[in-house]
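Spelled out, the chains give:
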Amino acid sequence: MRTWIREYVTSSDLLLTNLQLTHLNNPAQNWYSQAYAGYLEMMYAGAGSEVLYKPYGHSWAVGVDANYVKQRDWNDTMQLADYDVFTGHLTTYWQLPFIKGGLAKISAGQYLAGDKGVTLDLSRQFDSGIIAGAYVTKTNVSASDYGEGSFTKGFYISIPLDLMLVRPTTQTATVSWVPLTRDGGQMLGKRYSLYKLTEK
């Protein structure tokens, strides 16, 4: 779980965070899909897929993802630990008409600890391309079981590297702040999001 993050970061001077195969597709108008497998993030490996319906010219979209993942062993991240779980979410996206660049995202489903709940993510993209956002997650893990903080929450800033590099690029750097890292309410850190890939 996420409370072992220190073990992953300190176990080795060299860490392979991501190594995956991804297949992207546009099966029909306004429909997008992806399938992926491999080392999906620092703590988990597995396979999954995502489907997004995003009608052109509309301010909303709906997506669903499903994943089967196994925890990576922090002593040797090329190996897998005993823990495995199915995780996935139904997500709705809404471009807020009353806030320029505002986006509301609501995800409901099962998280990495097997808990079920909802995440609300609010963000705003400024004219510079910088995105600032915050999120809260509440699941069926009780406040006493979750521990200090009671529920998952955080803040993030995404900075387009095009602002700092001489050559054009679509890459971004994301800095996030989470006051307390607990096991409840944790999503898989997928490398690609269909909504972001289709924004342009």
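Computed from a predicted structure; not experimentally measured.

Definitions and limits used
- Residues numbered from 1 in each chain as written.
- Predicted model: local features only at pLDDT ≥ 70, side-chain atom pairs only at ≥ 80, totals over all residues.
- Heavy atoms only, no water.
- Helix = DSSP H or I, 4+ residues; strand = E, 2+ residues; numbered from the N terminus.
- Rg over C-alpha atoms; globule rule 2.2 N^0.38 Å.
- Buried < 20%, exposed > 50% of the residue type's maximum accessible area, 1.4 Å probe, protein only.
- Phe/Tyr/Trp six-rings, centres within 6.5 Å; stacked < 30°, edge-to-face > 60°.
- Lys NZ or Arg CZ within 6 Å of the ring centre and 35° of its normal.
- Polar contact = N/O pair within 3.5 Å; in protein donor to acceptor, adjacent residues only side chain to side chain.
- Contact = heavy atoms within 4.5 Å.
- Pairing = 2+ DSSP bridges.
- Patch = residues over 30% accessible without salt bridge, like charges linked within 9 Å, V, L, I, M, F, W, Y side chains within 5 Å.
- Areas by Shrake-Rupley, 256 points an atom, 1.4 Å probe, with all protein chains shown as cover.
- Salt bridge = Lys/Arg side-chain N within 4 Å of Asp/Glu carboxyl O.

A.B. asks: Just checking my understanding: could you explain the overall build of the chain for this structure?
C.D. replies: Helices and strands together make up the secondary structure of the chain, namely 3 helices and 10 strands. Reading the secondary structure of the chain in the N-to-C direction produces α-β-β-β-β-β-β-β-β-α-β-β-α. For 200 residues, the compact-globule formula gives about 16 Å, and the C-alpha radius of gyration of the chain, at 17 Å, lands near that figure. Across the 200 residues that make up the chain, the buried fraction comes to 32%.

A.B. asks: Where do I start with unusual backbone geometry in this structure?
C.D. replies: Excluding glycine, residues mostly have negative phi values, and the peptide bonds linking residues are mostly trans. The phi torsion at Asn30 lies on the positive side, around 75°, for a residue other than glycine. Mapped onto the secondary structure, Asn30 falls in the loop between strand 1 (19-28) and strand 2 (31-39).

A.B. asks: Explain the packing of aromatic side chains here, please?
C.D. replies: Geometry of an aromatic ring pair is reported as the spacing of the ring centres plus the angle between the planes. What the rule picks out here adds up to 5 aromatic pairs. Ring geometry for Tyr93 against Tyr195: centres 4.2 Å apart, planes inclined by 5°, an arrangement best described as stacked. Of this pair, Tyr93 sits in strand 5 (residues 76-95) while Tyr195 sits in helix 3 (residues 194-197), placing them 102 residues apart in sequence. Judged on exposure class, the residue Tyr93 and its partner Tyr195 are both buried. Through a chain of ring-to-ring contacts, the aromatic side chains of Trp31, Tyr53 and Trp60 assemble into a single cluster. Against the face of Tyr195 rests Lys54, its NZ or CZ located 4.2 Å from the ring centre. We note Lys153 situated over the ring of Phe151; from NZ or CZ to the ring centre the distance is 4.4 Å.

A.B. asks: Looking at this structure, I do not really get the side chain of Ser107. What am I missing?
C.D. replies: Tracing the sequence through the fold places Ser107 in strand 6 (residues 102-110). The class of Ser107 is buried, set by a relative accessible area of 5%. Here the side chain of Ser107 touches Thr91 through a polar contact of 2.9 Å, side chain to side chain. Discounting chain neighbours no more than four positions away, the residues touching Ser107 are His89, Leu90, Thr91, Gly117, Val118, Thr119 and Met187.

A.B. asks: Whenever I open this one, the pairing of strand 1 confuses me. Can you help?
C.D. replies: Within a regular beta strand, the side chains point alternately toward one face of the sheet and then the other, so they alternate between its two faces. Where strand 1 meets strand 2, 8 bridges bridge the pair, whose relative direction is antiparallel. Note on strand 2: the bridge partner recorded for Thr22 is Tyr36. Count of turn residues in the strand 1/strand 2 antiparallel hairpin: 2 residues, of which Asn30 carries a positive phi of about 75°.

A.B. asks: For this particular structure, what's the right way to read a nonpolar patch on the surface?
C.D. replies: Together, Trp31, Val51, Trp60, Val62, Val64, Leu90, Trp94, Phe98 and Ile99 line one region of the surface with nonpolar side chains, adding up to about 810 Å² of accessible area. At the level of elements, strand 4 (60-73) and strand 5 are the ones that each hand at least two residues to the nonpolar patch. Element by element, the count of residues in the nonpolar patch is highest for strand 4, at 3 residues. Looking at where Phe98 falls in the secondary structure, it is placed in the loop between strand 5 and strand 6. Looking at Phe98, the relative accessible area reads 59%, which means it is exposed.

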